[in-house]
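Chain and residue survey
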Amino acid sequence: MENILEVKNLCKSYDEFSLKGINFSLEPGYIMGFIGPNGAGKSTTIKAIMNLIKTDAGQIEIFGKDHLKYEKEIKEKIGFVYDENYFYEELTLKEMKKIIAPFYKNWSETIFEKYMKQFNLSLKLKVKELSKGMKMKYSLALALSHDADLIIMDEPTSGLDPIVRSELLDILYEVIQDERKSILFSTHITKDLDKIADYITFINDGKLVFSQAKDEIIESYQIIKGDTSALTENIINHFVGLKQHSFGFEALVKKEIIKKSPLKDSVIYEIPTLEDIMVYTVRGKINV
Ligand SMILES: Nc1ncnc2c1ncn2[C@@H]1O[C@H](COP(=O)(O)OP(=O)(O)OP(=O)(O)O)[C@@H](O)[C@H]1O
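Residues numbered from 1 in each chain as written. Predicted model: local features only at pLDDT ≥ 70, side-chain atom pairs only at ≥ 80, totals over all residues.

Going by the annotation in an unreviewed UniProt entry, the name recorded for the protein is ABC transporter ATP-binding protein YtrB, with Clostridium formicaceticum given as the source organism.

Structure follows, in structure tokens:
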């Protein structure tokens, strides 16, 4: 199936940071979580996809087309939701909508009204009267009302309470049910992705760590716990990450590695969460 989004060898350098050849792709009908610690390059990648910054190298295709050559046509079909406020504070939601809607050929008043009702948002409210969660819902209602096939969200759940977050995740899940739309969703809150993501793209310090099906990722790692006396330098070298404490050690390892390790029968095994995988990969081997 044709990819909805394909990022190939994306490079962008700032004075103190660079994106180093990022590659990933997303098929229709899926949610991709885009994770990485602060400063990993998530927003920079998203800005490059949205053509908000000039890149140094690489190619981005959206709906199978070059995102620069076909920018106008492509943007008709993208719903972009991000944290920074791009609305006029003094306008009502109805007035703000009137400014945004004409930019889109496929704008549907019926869909907009449906989401405003579902999200419990009154058109009479002023932008400045909205809470963070309400603003996020309003952004999403706008993004969904022009029949976008790719929804790109930069940290949509940050700063939202667990109830609004959970509501938002349910909505996103509902959106992809027609198997035509896809969502790229950057976040630090990996718990949200445990719930709804099909694929995870993980970047760290501008480099791609992996871009893979979530279940495959979880399957390929293992948390192990055991007695520190069993550790040797050679064993530790094969760990992705290690934490030592007074009672023993805890480590993240690749399953294929632990199967061959002398430790294999002497440790306790646990299934890692996405958070474990992210934290151990970024922090590496502490207290070693
Ligand atoms: N316009 C810019 N000029 C110089 N450096 C920049 C610019 N924009 C971003 N950076 C740097 O690029 C790096 C990556 O930033 P980016 O916002 O992409 O990270 P992020 O993964 O989205 O982080 P966070 O989770 O904190 O939002 C940071 O070190 C940041 O300081």
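Another aspect to go through is the overall build of the protein. Helix and strand counts for the protein stand at eleven helices and 14 strands. Dimensions of the protein along its principal axes, counting C-alpha atoms only, are 70 × 40 × 40 Å. The buried share of the protein, reckoned over its 288 residues, is 34%. (Helix = DSSP H or I, 4+ residues; strand = E, 2+ residues; numbered from the N terminus. Buried ≥ 20, exposed ≤ 12 C-beta atoms within 10 Å, placed from the backbone.)

In the vicinity of the ligand, the contacting residues are Y14, D15, F17, G36, N38, G39, A40, G41, K42, S43, T44 and H188. The class makeup of the residues in the shell around the ligand is three nonpolar, seven polar and two charged. (Near = placed C-beta within 6 Å. Nonpolar A, V, L, I, M, F, W, Y, C, P; charged D, E, K, R; others polar.)

Ranked by size, the top nonpolar core spans 67 residues in total, and within it M32, L150, I151, I152 and L184 carry the most contacts. For this core, the two domains that each supply at least three residues are domain 1 (5-205) and domain 2 (218-283). In this structure, L150 is in contact with I4, L5, I62, K77, I78 and S182, ignoring residues within four places of it in sequence. (Core = buried A, V, L, I, M, F, W, Y, C linked by C-beta atoms within 7 Å. Domains from an automatic or database assignment. Contact = placed C-beta atoms within 7 Å.)

If you walk across this open sheet you meet the six strands as β6-β7-β8-β3-β9-β10, and the pairing is mixed. Sheet topology places β6 (78-82) and β10 (207-213) at the edges, where each strand pairs with a single neighbour. Strand-to-strand twist across the sheet, computed as the mean angle between neighbouring axes with direction ignored, equals 15°. Direction of pairing for β6 relative to strand β7 (residues 150-154): parallel, over a ladder of five bridges. Looking at β7, one finds that V81 is bridged to M153. Helix-sheet contacts for helix α5 (residues 132-144) involve β6 and β7, and the interaxial angle to β6 is about 170°. Of the strands in this sheet, β3 (31-35), β9 (199-204) and β10 are in contact with helix α11 (residues 274-283), which crosses β9 at around 20°. (Pairing = 2+ DSSP bridges. Axes fitted to C-alpha atoms, helices over the stretch in contact; angles between N-to-C directions.)

So, on to the environment of F103. Mapped onto the secondary structure, F103 falls in the loop between α3 (93-100) and α4 (109-118). Judged by the 10 C-beta atoms lying within 10 Å of it, F103 falls in the exposed class. For the pair F103 and E76, spaced 27 residues apart in sequence, the C-alpha separation works out to 8.1 Å.

Before going further, it helps to spend a moment on α11. For α11, the full list of buried residues reads L274, D276, I277, M278 and Y280. One or two residues past the end of α11 sits G284, with phi positive at roughly 65°.

Turning our eyes to something else, we now look at the pairing of strand β1 (residues 5-13). Note: β1 against strand β4 (residues 57-62), five bridges, orientation antiparallel. The residue of β4 that forms the bridge with L5 is I62. From the end of β1 to the start of strand β2 (residues 18-26), which pair antiparallel, there are four residues.

Moving on, we come to the domain arrangement of the protein. Taken domain by domain, the protein comprises domain 1 (5-205) and domain 2 (218-283). In this structure, domain 1 and domain 2 have C-alpha centres spaced 35 Å apart. Each partner contributes to the interface: domain 1 provides eight residues, whereas domain 2 provides six residues. Elements with a minimum of two residues in the side of domain 1 that touches domain 2: α7 (190-196) and β9. Across the side of domain 1 that touches domain 2, the residue classes break down as five nonpolar, two polar and one charged.

Next up on the list: the sheet that holds strand β12 (residues 241-245). One open sheet holds the four strands; their spatial order is β12-β13-β11-β14, and the pairing between them is antiparallel. Of all the strands in the sheet, the pair left with one neighbour each is β12 and β14 (268-270). On average, each strand axis in the sheet is tilted by 20° relative to the strand beside it, whichever way the strands run. Direction of pairing for strand β11 (residues 221-226) relative to β14: antiparallel, over a ladder of three bridges. Among the inter-strand pairings, I223 is bridged to a residue of β14, identified as E270.

Bridge analysis of β4 against strand β5 (residues 65-66) gives two bridges, and the strand direction is antiparallel. Its bridge partner being in β5, I62 is matched across the sheet by K65.

Mean pLDDT over the protein stands at 91; residues scoring 70 or higher make up 98%. Per the prediction output, this complex has pTM 0.90; the corresponding ipTM is 0.97. (pLDDT = per-residue confidence, 0-100.)

A few words on unusual backbone geometry. Of all residues except glycine, most have a negative phi; of all peptide bonds, most are trans. Despite not being glycine, N9 shows a phi value in the positive range, around 50°. Counting through the fold element by element, N9 comes out in strand β1. Note on N9: 13 C-beta atoms within 10 Å, which makes it partly exposed. Of note, the phi angle at N120 is positive, near 60°, even though the residue is not glycine. One can find N120 in the loop between α4 and α5. Look at N120 and you get exposed, because 9 C-beta atoms sit within 10 Å.

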